[in-house]
Amino acid sequence: MLHNIPNWRYLFSILLPLHLAIIILPFYTSWEIINIVYFLIGYVLIHGLGVNVGLHRWASHRAVDLKEFAKPIVVYLSILGCQGQLLWWAAVHRGYHHRKSDTIEDHHSPVRHGKWHAFIGWILKHDPSKVNFKYSADLAREKWIMRTHRYYEVIIWASWILVGFLSLNALLWLLIIPTFIALHSEGLVNAFCHGKHGYANYVTTDQSRNVSALGYFGWGNGWHNNHHHNQGSFDFGSGMSNKWWEFDPCKIFIPFIKK
């Protein structure tokens with residue numbers, strides 16, 4: 001039987017340490033030009049490839065068929081995004097956010113629950129044990145994915161400790177800051193891409209909206225109305241809408257990862 005880590009453990013083992021590291025690590029690091037390189041690598045790999053391709057487009061929507069070598073890389077990077085176990089993320093996204101979008105059963109709908117709840121409050125308030133993993137059953141059949149589910153916290157902490165042992169600058173700029181941005185970018189999409197903000201290209205059964213800033217800086221996730229119109233499309237932007245300015249940055253990964 002599948003079990004998700006409870007809210008309190010996610011809070012104290014992942015969420016709080018991440019935010020404390022943002023506050024504390026700058027006092028133990030120095031500013032160097034290499035930090036910019038660290039950040040750009042982390043931002044692209046964790047926020048872009050891990051969270052927005054791995055968790056969202058691949059695990060949740062099967063919008064791309066990954067090359068075999070790319071699967072463990074993408075899943076590992078998705079774990080570093082610290083947004084919850086892959087099986088849980090996909091089950092919540094498929095079974096509750098899309099199937100029941102903007103209803104009371106949509107865990108992070110700002111329309112039903114308010115913006116603060118959609119931004120981050122829902123992570124701490126909902127009961128993970130009540131998430132039905134039948135919505136990610138195809139992923140659960142993969143034994144190696146099941147192992148990442150069981151050892152989720154171990155993988156994160158082992159990565160943080162190893163990189164921190166080698167360089168605190170790398171820990172802060174390569175892992176912590178990009179992960180912090182990815183986490184809160186996802187929260188902003190939850191809070192502002194449903195409701196009255198932005199615009200809609202398509203009529204959908206929910207209140208999904210496109211928010212341009214989150215389209216560009218949220219790795220295409222802000223083209224949210226487009227995505228809710230066609231969940232199976234890898235390109236959330238111009239590839240669907242034919243509006244050239246709706247650029248989906250995740251397209252840069254396609255030549256490297258698509259089978």
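You'll find the structure just up there.
I will try to describe carefully the structure that is included in this document. (Residues numbered from 1 in each chain as written. Predicted model: local features only at pLDDT ≥ 70, side-chain atom pairs only at ≥ 80, totals over all residues. Heavy atoms only, no water.)

### Considering the packing of helix α2 (residues 34–60) against helix α3 (residues 70–80)
Orientation of α2 relative to α3, taken along the N-to-C sense of each, is 110 degrees, at an axis distance of 8 Å. Here α2 lies roughly perpendicular to α3, going by the angle between them. Residue-level contacts link Leu45, Ile46, Leu49, Gly50, Val51, Gly54, Leu55 and Trp58 of α2 to Lys71, Val74, Val75, Leu77, Ser78 and Leu80 of α3. (Axes fitted to C-alpha atoms, helices over the stretch in contact; angles between N-to-C directions. Helix = DSSP H or I, 4+ residues; strand = E, 2+ residues; numbered from the N terminus. Parallel < 35°, antiparallel > 145°, perpendicular 65-115°, else oblique. Contact = heavy atoms within 4.5 Å.)

### Examining the pattern of salt bridges
Taken as a whole, this structure holds 8 salt bridges when the rule is applied. For aspartate 248, the salt bridge is made with arginine 57, and the minimal N-O distance between the two is 2.9 Å. Of the two residues, aspartate 248 is situated in the loop between α13 (238–241) and α14 (254–257) and arginine 57 in helix α2; the sequence distance between them amounts to 191 residues. Ionic pairing is found between arginine 62 and aspartate 138, a salt bridge with its closest N-O pair at 3.3 Å. Placement of arginine 62 in the loop between α2 and α3 and of aspartate 138 in helix α7 (residues 137–140) is noted, with a sequence separation of 76 residues between them. For arginine 62, a relative accessible area of 38% corresponds to the partly exposed category. When its relative accessible area of 23% is taken as the criterion, aspartate 138 is described as partly exposed. Each of the salt bridges in this network shares a partner with another, and the network as a whole consists of Arg62, Arg94 and Asp138. (Salt bridge = Lys/Arg side-chain N within 4 Å of Asp/Glu carboxyl O. Buried < 20%, exposed > 50% of the residue type's maximum accessible area, 1.4 Å probe, protein only.)

### Considering empty space enclosed by the protein
Evaluation of the coordinates by the stated rule reveals 3 cavities of 30 Å³ or more. The space that makes up the largest cavity amounts to roughly 230 Å³. Lining the largest cavity are 20 residues; nearest its centre among them are Gln83, Trp89, Trp122, Glu186 and Asn190. For the lining of the largest cavity, the elements supplying multiple residues, two or more each, are α4 (86–98), α6 (115–125) and α10 (168–192). Here the element with the most residues in the lining of the largest cavity is α10; it accounts for 6 residues. In terms of residue class, the lining of the largest cavity is built from 10 nonpolar, 9 polar and 1 charged. (1 Å grid on protein atoms, 1.4 Å probe; cavity = no way out; pocket = protein on both sides within 12 Å on 5 of 7 lines; lining within 4 Å. Points joined across faces, edges and corners; volume = space filled by probe spheres on them. Nonpolar A, V, L, I, M, F, W, Y, C, P; charged D, E, K, R; others polar.)

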